[in-house]
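Residue strings, one per chain:
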Amino acid sequence: TQLLEQSPQFLSIQEGENLTVYCNSSSVFSSLQWYRQEPGEGPVLLVTVVTGGEVKKLKRLTFQFGDARKDSSLHITAAQPGDTGLYLCAGGDSNYQLIWGAGTKLIIKP
Amino acid sequence: EAQVTQNPRYLITVTGKKLTVTCSQNMNHEYMSWYRQDPGLGLRQIYYSMNVEVTDKGDVPEGYKVSRKEKRNFPLILESPSPNQTSLYFCASSLGAGGPSEQFFGPGTRLTVL
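Here we summarise the structure given alongside this text. (Residues numbered from 1 in each chain as written. Chains lettered and ligands numbered in written order. Predicted model: local features only at pLDDT ≥ 70, side-chain atom pairs only at ≥ 80, totals over all residues. Heavy atoms only, no water.)

Things to note about the sheet that holds strand 7 (residues 61-65) of chain A
All names here are of chain A. The five strands lie next to each other as 1-3-8-7-6, forming an open sheet whose pairing is antiparallel. Every other strand in the sheet has two partners, leaving strand 1 (5-7) and strand 6 (55-58) as the edge strands with one partner each. Sheet twist, expressed as the average angle between the axes of neighbouring strands with direction ignored, equals 15°. Of the pairings in the sheet, the one linking strand 1 to strand 3 (residues 19-24) comprises three bridges and is antiparallel in character. From the neighbouring strand, Glu5 faces strand 3, where its bridge partner is Asn24. (Pairing = 2+ DSSP bridges. Helix = DSSP H or I, 4+ residues; strand = E, 2+ residues; numbered from the N terminus. Axes fitted to C-alpha atoms, helices over the stretch in contact; angles between N-to-C directions.)

Listed below in structure tokens is the structure:
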């Protein structure tokens, strides 16, 4: 059974700080997606990475797919209260199914 | 506006009373799925459908049924709900199966079974 472990499970920091969230597995994935979920809403896609070593930037968010396609990270620079939410990673397996991490709950305090 | 709609958004019911949660998408997506979300467990797939009349079990299908008679609709049926089915439910649709297709989620249905 493929698993995706996210860490930390919970993170509360002050506005302006930097942070990194990790998504790790012992399995290889064909793709890795990051979603953000706000209270009372469904998850919304932030980014998809498909190539080992790939780095994508979305304003202050930087996403990296590991060289071996087993792990990924999300780095936020100068976090803002609007970044608050639940961050979920999801890996695409060989059966075209998505394996989901349990999520990182992020709170940015003003 | 491209969207996935779910109804109802909130539901409180009693053990054993059959219920249906509706899901509809207007993006002509072939792939649809149902998830439940519980604290600390993330999203767990209940059932998915690759196309009309094609459905398959996900990771936690026990106690649930689905149907896909039309491309746009994918209702979730609980024939005899039990308290352990109290959860937040999401319907999702996408162009293709799994990754790297973007999953579009509905707003969620919070179900409480007493």
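Considerations on the nonpolar core
One finds Leu19, Leu32, Trp34, Phe63, Leu74 and Ile76 of chain A to be the most contacted residues of the largest nonpolar core, which totals 22 residues. Once residues within four sequence positions are removed from consideration, Leu32 of chain A is found in contact with Leu4, Cys23, Val47, Thr48, Val49, Phe65, Ser72, Cys89, Ala90 and Gly91 of chain A. Membership of the second largest hydrophobic core comes to 19 residues, among which are Val21, Cys23, Trp34 and Val66 of chain B. (Core = buried A, V, L, I, M, F, W, Y, C linked by side-chain atoms within 4.5 Å. Buried < 20%, exposed > 50% of the residue type's maximum accessible area, 1.4 Å probe, protein only. Contact = heavy atoms within 4.5 Å.)

Remarks on the pairing of strand 1 (residues 4-7) of chain B
Residue and element names in this part refer to chain B. Here strand 1 shows a buried face lined by Val4 and Gln6 and an unburied face lined by Thr5 and Asn7. Bridge count between strand 1 and strand 3 (residues 19-25): four bridges; the pairing is antiparallel. Bridge pairing links Val4 to Gln25 in strand 3.

Examining the layout of surface pockets
Gaps left between atoms are located by rolling a probe of water-molecule size over the structure's atoms. In this structure, the largest pocket spans a volume of roughly 670 Å³. Forming the walls of the largest pocket are 28 residues, and the residues nearest its centre are Gln37, Leu86 and Lys105 of chain A together with Gln37 and Pro39 of chain B. Sorting the residues of the lining of the largest pocket by element identifies strand 9 (85-92) and strand 11 (104-109) of chain A together with strand 4 (31-38), strand 9 (87-94) and strand 11 (109-113) of chain B as the ones contributing at least two each. Each residue belonging to the lining of the largest pocket can be placed in one class, and the counts come to ten nonpolar, twelve polar and six charged. The volume enclosed by the second largest pocket comes to roughly 400 Å³. Lining the second largest pocket we find 20 residues, and of these Leu3, Ile99 and Trp100 of chain A together with Leu41 and Leu43 of chain B sit closest to its centre. For the lining of the second largest pocket, the secondary structure elements donating two or more residues are strand 1 and strand 10 (98-100) of chain A together with strand 5 (42-51) of chain B. Across the lining of the second largest pocket, the residue classes break down as nine nonpolar, eight polar and three charged. (1 Å grid on protein atoms, 1.4 Å probe; cavity = no way out; pocket = protein on both sides within 12 Å on 5 of 7 lines; lining within 4 Å. Points joined across faces, edges and corners; volume = space filled by probe spheres on them. Nonpolar A, V, L, I, M, F, W, Y, C, P; charged D, E, K, R; others polar.)

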